[in-house]
Amino acid sequence: MNMKNEAGSKDVPAAVREDSDIVQILDAEGDVLPQASVPDISDRQLLELYETIKLARHFDQRAISFQRQGRLATYAPMTGQEGSQVATSLALAEQDWLFPTYREHAAKYAHGMDLASLFEPLRGHREGYAIPEGVNVMPEYIPIATQVPQAMGMAWGHKLQGKTDTAVLCHLGDGATSEGDFHEGLNFAGVFDVPAVFVCNNNQWAISVPRERQTASETIAEKAQAYGIDGVRVDGLDPLAVYKVASEALEKARNPGPGELRPTLIESVQYRFGAHTTADDPSVYRDESEEEVWRDRDPVDRIETYLYNEGILDSDLESEIQDRIEQEVSEAIETAEQTETSPDNIVEHVYEDVPARLEQQRDELNRLREKYDDGAFSEVLE
Amino acid sequence: MSSTASTQTGQKAQSLTLVEAIQDGLYTEMAQDDSVVVLGEDVGKNGGVFRATDQLYEEFGEDRVIDTPLAEAGIVGASIGLAQTGMKPVPEMQFMGFMYPAFDQIVSHAARLRSRSQGQYSVPMVIRAPYGGGIRAPEHHSESKEAFFVHEPGLKVVSPSTPYDAKGLLAASIHDPDPVIFLEPKLIYRAFREDVPTKPYEVSLSEAAVRRDGSDISVYTWGAMTRPALIAAENLSQSHGIDTEVIDLRTLSPLDTETITDSFKKTGRAAIVHEAPKTGGLGAEIATTIQEEALVHQEAPIKRIAGFDAPMPLHSLEDYYLPQAVRIQDGIRETVEF
Ligand SMILES: Cc1ncc(C[n+]2csc(CCOP(=O)(O)OP(=O)(O)O)c2C)c(N)n1
Ligand SMILES: [Mg+2]
């Protein structure tokens, strides 16, 4: 399963160097590596993968510029990580479940969330956390690593009910591997042998803390050994390799071979091209030259080159796709900008029924809103 | 009782924001005591996500300003261990909403190692955490859970509302022989500046501050809510001639019950303002303390102006959730006009 990278190229980041044990299909340019076997994906699926990755890149750029204009609050960019996000989601079957973090915007979209709902929470509206019926995505997880035992539990529930054709895919960061919840979730996953795939998006940084400071282990994938489950490292900037690894792990989760355990920990080796969030300034703690070597391996360029090489994409189709995604993102922004949340929402959905006490609190707020006008509430507290 | 007036003593001072005063406080303590160490997520090279530990890494080096793995139970548990060796750890929790993984370490151990060891061991440690809402932060970044920690015997809980107090309370917390939860109102991290002495000083952990003298009603509050309470008091003084006393508790555990009841005995009316949910909040404790100590002076029901019994909403609604000056004014009038 291990594909080797170009020997000795000194511009290749150590984490994805040929002597490391990592699955790759495309080289840094997007040409297929000599011994690589390209997964069996139809041209239509390849174009879907490409278009969704392009859309994710465009979404990211618009979101960052919107944040700068004050139209969005803090946003966690995903540039460089879209390829892995989209490839893992496209490897899912419709019935599979996705546990995203605050950074997996594209993963959510690629598993059925509409784009406008991704913008809404960033504009302060909880509406976007209401997942539509039939879309198997959990609201994003912000407290680090808390999703890991929960994803395990959902996969366990499916297994206990004989529904092992439903797999659960759980995202987490490299920083998340330091939390107790990561250990507990993976340990349970191994002990109860549940149909779950854990994807660690190792983007080399947890805000300002580099991967080497997070763990003394050489790789994150090797932590899987301690739980008795498989650990796989994949070039996370190579969408084809990620698709292959994720598909195989999901297949094993549903139908393990003799002696195989269902769960897999995938270490998707990536790089956070941008800031941690729009509130962060990476120049304080990392060297720009580090970013450059990773930018040479941009997932968008690699998949694009591959599709051109294969004759699946040409410049006409490329610009048609570009127009389409720009329109889709613009429409999503327009929709999201129309969302308004009534202050009544504060007391709703805390319990199935609003308790009397909370209703009193809502009535009191509404009394005040009538007595004074709404402007009185938006005066800056400071 | 002390107040900010004590800055006017002619000593060398700098005009600092609250977060700068915290940075200055850490700097001052670390410079005079080698055993003080800062540890946490992004506190070193990055200087903290709010810059509260800015320049400390450059000044004191990586053995005293320590970027840790992302693990709050690890950070606090390790700090308890460090404290057993004579060091004085000042761990940072990046946001109050991310303290929960450390909860077991805090309540089962930091809070009670002294009693478990019958006074043999103790945990001199200050856990710093930004808390509270109002900065348009994402979900889980705006929590005010001070009541969790006030409920735990063995912990002290502190929350400054001015730059001067921030430095002085931090110093007193670091010098304190017991564990202190030091809650920093991030809404006012950069809201205003104040003269802060460059030399070391303490603000006592056992005294509330009377921020405004008044005779009609006592308003009890702390942290970021002190400002809207003062604004409400000023507005009502002008518009309705209501004379409001504003008490900033500063230390939430142990409470300065003397200042609380003395004020109430004078005014006979009370409103408590906190941004945490109303039910089970510290307001209930203060109201009951007043009833126990000064019932005969009471002239009106005690009013609580607090957050909803609901999770903090996302930012489009946070202005409705938090007690604004308008809500505080309305509550004061209702109580005074009872
Ligand atoms: C329990 C907890 N502690 C701290 C934080 C603050 N925080 C948010 S993101 C982050 C770094 C996460 O790094 P990583 O897991 O590598 O994910 P990435 O952001 O790189 O995708 C931290 C410390 C949090 N959200 N939750
Ligand atoms: Mg990371």
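This structure is a prediction, so every number in the text was calculated from the model and none was measured. (Residues numbered from 1 in each chain as written. Chains lettered and ligands numbered in written order. Predicted model: local features only at pLDDT ≥ 70, side-chain atom pairs only at ≥ 80, totals over all residues. Heavy atoms only, no water.)

Remarks on the overall build of chain A
Test applied: Helical segments are the DSSP runs of H or I of at least four residues, strand segments are the runs of E of at least two, and each set is numbered from the N terminus. Values of the radius of gyration come from C-alpha atoms, whereas the globule rule sets the reference at 2.2 Å times the count of residues to the power 0.38. Note on definitions: a residue-residue contact is assigned when non-hydrogen atoms from the two residues lie within 4.5 Å. All accessibility values rest on the Shrake-Rupley procedure with a 1.4 Å probe; residue burial counts only the protein chains present in the view.
On a plain count of helices and strands, chain A comes out with 13 helices and seven strands. In terms of overall dimensions, chain A is globule-like: its C-alpha atoms have a radius of gyration of 22 Å, near the 21 Å expected for 382 residues. With the principal axes as the frame, chain A shows a C-alpha extent of 75 × 50 × 40 Å. The long-range fraction of contacts in chain A, counting pairs at least 24 apart against all pairs at least 6 apart in sequence, stands at 72%. Counting every atom, chain A has about 15,800 Å² of accessible surface; 45% of that belongs to carbon and sulfur.

What to know about the UniProt feature "coiled-coil region" (unreviewed entry) in chain A
Heads up, the condition is: UniProt positions are given in the numbering used here, feature names are shortened, and annotations may be inferred rather than shown by experiment.
Taking the UniProt record as the reference, the feature "coiled-coil region" (unreviewed entry) is found at residues 322-371 of chain A. The span residues 322-371 of chain A is 66% helix and 0% strand, and its two end C-alpha atoms sit 51 Å from each other.

Quick word on the nonpolar core
All names here are of chain A. Rules: Definition of nonpolar core: a set of buried residues of the types Ala, Val, Leu, Ile, Met, Phe, Trp, Tyr and Cys, connected through side-chain atoms within 4.5 Å. For the exposure calls, accessible area comes from a 1.4 Å probe over protein chains only, and a residue counts as buried if that area is under 20% of its type's maximum, exposed if over 50%, partly exposed in between.
Counting residues in each nonpolar core, the largest one holds 64 residues, and the members touching the most others are Phe59, Phe119 and Leu240. It is helix α1 (residues 43-68) that provides the largest number of residues to this core, a total of ten residues. Not counting chain neighbours up to four residues away, the residues in contact with Phe119 comprise Phe59, Ala63, Leu72, Val329, Ala332, Ile333 and Ala336.

A word on the sheet that holds strand β1 (residues 97-99) of chain A
All names here are of chain A. Just so we agree on the cut-off: For two strands to be treated as a pair, DSSP must find at least two bridges joining them. Axis definition: a line fit to C-alpha positions, over the contact stretch in the case of helices; interaxial angles, taken between N-to-C directions, run 0 to 180 degrees.
What the five strands build is an open sheet, ordered β1-β2-β3-β7-β6; its pairing is parallel. Looking at the sheet topology across the chains shown, the edges are occupied by β1 and β6 (230-235). When the angles between neighbouring strand axes are averaged without regard to direction, this sheet yields 20°. With six bridges connecting them, strand β3 (residues 196-202) and strand β7 (residues 264-269) associate as parallel partners. Its bridge partner lying in β7, Val197 is registered against Thr264.

Structural notes on the packing of α1 of chain A against helix α2 (residues 82-90) of chain A
Residues and elements named next belong to chain A. Let me state the cut-off plainly: Comment on the angle field: the value is read as roughly parallel under 35 degrees, roughly antiparallel over 145, roughly perpendicular from 65 to 115, and oblique elsewhere. The handedness criterion is simple: a crossing whose near helix is rotated anticlockwise from the far helix by less than a right angle is left-handed, and one whose near helix is rotated clockwise is right-handed.
Across the interface, α1 lies against α2 with an axial gap of 9 Å and an inter-helix angle of 135°. The angle between α1 and α2 places the two elements in the oblique class. When the axes of α1 and α2 are compared, the crossing they make is right-handed. Of α2, the residues touching α1 (which contributes Glu48, Leu49, Thr52, Ile53, Ala56 and Arg57) are Glu82, Gly83, Val86, Ala87 and Leu90.

A short note on the packing of aromatic side chains
Residues and elements named next belong to chain B. To be explicit about the condition: Only rings of Phe, Tyr and Trp enter the pairing, Trp through its six-membered ring, and a pair is recorded when the two centres are within 6.5 Å. The plane angle decides the type: under 30 degrees is stacked, over 60 is edge-to-face, the rest tilted.
Counted by the stated rule, this structure contains 20 aromatic pairs over all chains. The interplanar angle of 65° and the centroid separation of 5.4 Å between the aromatic rings of Phe50 and Phe95 together place this pair among those described as edge-to-face. One end of the pair, Phe50, is in the loop between β2 (36-40) and α2 (56-60); the other, Phe95, is in the loop between β4 (88-92) and α4 (103-110), and 45 residues separate them in sequence. Since its relative accessible area comes to 9%, Phe95 is described here as buried. Ring plane angle 35° and centroid distance 5.8 Å describe the contact between Phe308 and Tyr321, whose orientation is recorded as tilted. Of this pair, Phe308 sits in the loop between β14 (303-307) and α11 (318-321) while Tyr321 is found in helix α11, placing the two residues 13 residues apart along the sequence. Both residues of the pair, Phe308 and Tyr321, count as buried. Through successive ring pairs, a cluster of aromatic residues spans Phe50, Phe95, Phe98 and Tyr189.

Comments concerning the domain arrangement of chain A
Basically, it comes down to this: Residue ranges labeled as domains rest on an automatic or database domain assignment.
As far as domains go, chain A holds domain 1 (14-338) and domain 2 (343-378). Taking only C-alpha atoms, the centre of domain 1 of chain A and the centre of domain 2 of chain A are 39 Å apart.

Here's the deal with the packing of α1 of chain A against helix α11 (residues 299-309) of chain A
Two quantities define a packed helix pair, namely the angle between the helix axes and the distance between the axes. All names here are of chain A. Here is the rule: All residues other than Ala, Val, Leu, Ile, Met, Phe, Trp, Tyr, Cys, Pro, Asp, Glu, Lys and Arg, Gly among them, are scored as polar; the first ten of these are nonpolar and the last four charged.
Their axes nearest at 10 Å, the elements α1 and α11 cross at an angle of 150°. When the interaxial angle is binned, α1 and α11 end up roughly antiparallel. As α1 packs across α11, the resulting crossing turns out to be left-handed. Contact residues: α1 offers Leu46, Leu47, Leu49, Tyr50, Ile53, Lys54 and Arg57, while α11 offers Pro299, Val300, Ile303, Glu304, Tyr306 and Leu307. The class makeup of the residues in the contact of α1 with α11 is ten nonpolar, no polar and three charged.

A short note on the pattern of salt bridges
Selection criterion: Should a side-chain nitrogen of Lys or Arg be within 4 Å of a carboxyl oxygen of Asp or Glu, the pair is scored as a salt bridge.
Under the definition given, this model contains 41 salt bridges over all chains. Close ionic contact of Glu334 of chain B with Lys303 of chain B constitutes a salt bridge, the shortest N to O distance being 3.4 Å. Taken together, the residues Glu334 of chain B in helix α12 (residues 325-336) and Lys303 of chain B in strand β14 connect sequence positions 31 residues apart. A residue is classified by how much of its surface remains accessible, and Glu334 of chain B, at 41% relative accessible area, is partly exposed. Of the residues examined, Lys303 of chain B reaches a relative accessible area of 18% and is grouped as buried. Counted as one network, the salt bridges with shared partners bring together Glu364, Arg367 and Lys371 of chain A together with Asp330 of chain B.

Regarding the environment of Ala176 of chain A
Counting through the fold element by element, Ala176 of chain A comes out in the loop between β2 (168-173) and α6 (180-192). Through-space distance from the C-alpha of Ala176 of chain A to that of Val300 of chain A is 26 Å; in sequence the pair is 124 residues apart. Excluding residues within four positions of it along the chain, Ala176 of chain A makes contact with Ile144, Ala145 and Phe182 of chain A together with Leu70 of chain B.

So, the interface of chain A and chain B
Applicable threshold: Under this definition, polar contacts are N or O atom pairs within 3.5 Å; protein pairs additionally need one hydrogen-donor-capable and one acceptor-capable atom, and for neighbouring residues in sequence, both atoms have to be side-chain atoms.
Taken together, the contact pairs 52 residues of chain A with 51 residues of chain B. Counting every contact that joins chain A to chain B gives three salt bridges. The salt bridge partner of Arg357 of chain A is Asp309 of chain B, with a shortest N-O separation of 3.1 Å. Scanning the region where chain A abuts chain B turns up 14 residue pairs in polar contact (both at pLDDT 80 or more). If you list the elements that add at least two residues to the side of chain A that touches chain B, you get α7 (211-214) and α13 (356-371) of chain A. Examining the composition of the side of chain A that touches chain B, we find that ten residues originate from one element, α13 of chain A, more than from any other.

Details of a nonpolar patch on the surface
Heads up, the condition is: Patch membership needs two things, relative accessible area over 30% and no salt bridge, and members are linked within 9 Å if like-charged or within 5 Å if nonpolar (Val, Leu, Ile, Met, Phe, Trp, Tyr).
A surface patch of nonpolar side chains, about 260 Å² in accessible area, is lined by Phe188, Val191 and Phe192 of chain A. By secondary structure assignment, the location of Phe192 of chain A is in helix α6.

Things to note about the coordination of the magnesium ion (ligand 2)
Residues and elements named next belong to chain A. Inclusion rule: Shown as donors are all N, O and S atoms within 2.8 Å of a metal ion, widened to 3.2 Å for Na, K and Ca; because water is not in the atom set, sites may appear incomplete.
Protein ligation of the magnesium ion (ligand 2) involves Asp174 (OD), Asn203 (OD1) and Trp205 (O), the donor distances falling in the range 2.0 to 2.1 Å. We note that the donor set of the magnesium ion (ligand 2) lies within a single chain, spaced as D-x28-N-x1-W. Given the relative accessible area of 5%, Asn203 is considered buried. Trp205 gets classed as buried once you look at its relative accessible area, which sits at 8%.

Here we look at the site of ligand 1
What counts here: Any residue with a heavy atom lying within 4 Å of a molecule or strand is counted as near it.
Near ligand 1 lie 20 residues; those nearest to it are Tyr102, Arg103, Asp174 and Gly175 of chain A together with Glu72 of chain B. At 3.0 Å, a backbone N or O of Ile144 of chain A approaches a nitrogen atom of ligand 1. His276 of chain A is positioned with one of its side-chain polar atoms (N or O) 3.4 Å from an oxygen atom of ligand 1.

Observations regarding the pairing of strand β13 (residues 270-277) of chain B
Consecutive side chains along a regular strand alternate between the two faces of the sheet. Residue and element names in this part refer to chain B. Across the eight residues that make up β13, a large majority, seven, are buried. With three bridges connecting them, strand β10 (residues 217-221) and β13 associate as parallel partners. Paired with Ser218 across the strands is Ala270, a residue of β13. Across five bridges, β13 lies against β14 in parallel orientation. Residue pairing in the sheet places Val273 in a bridge with Ile305 of β14.

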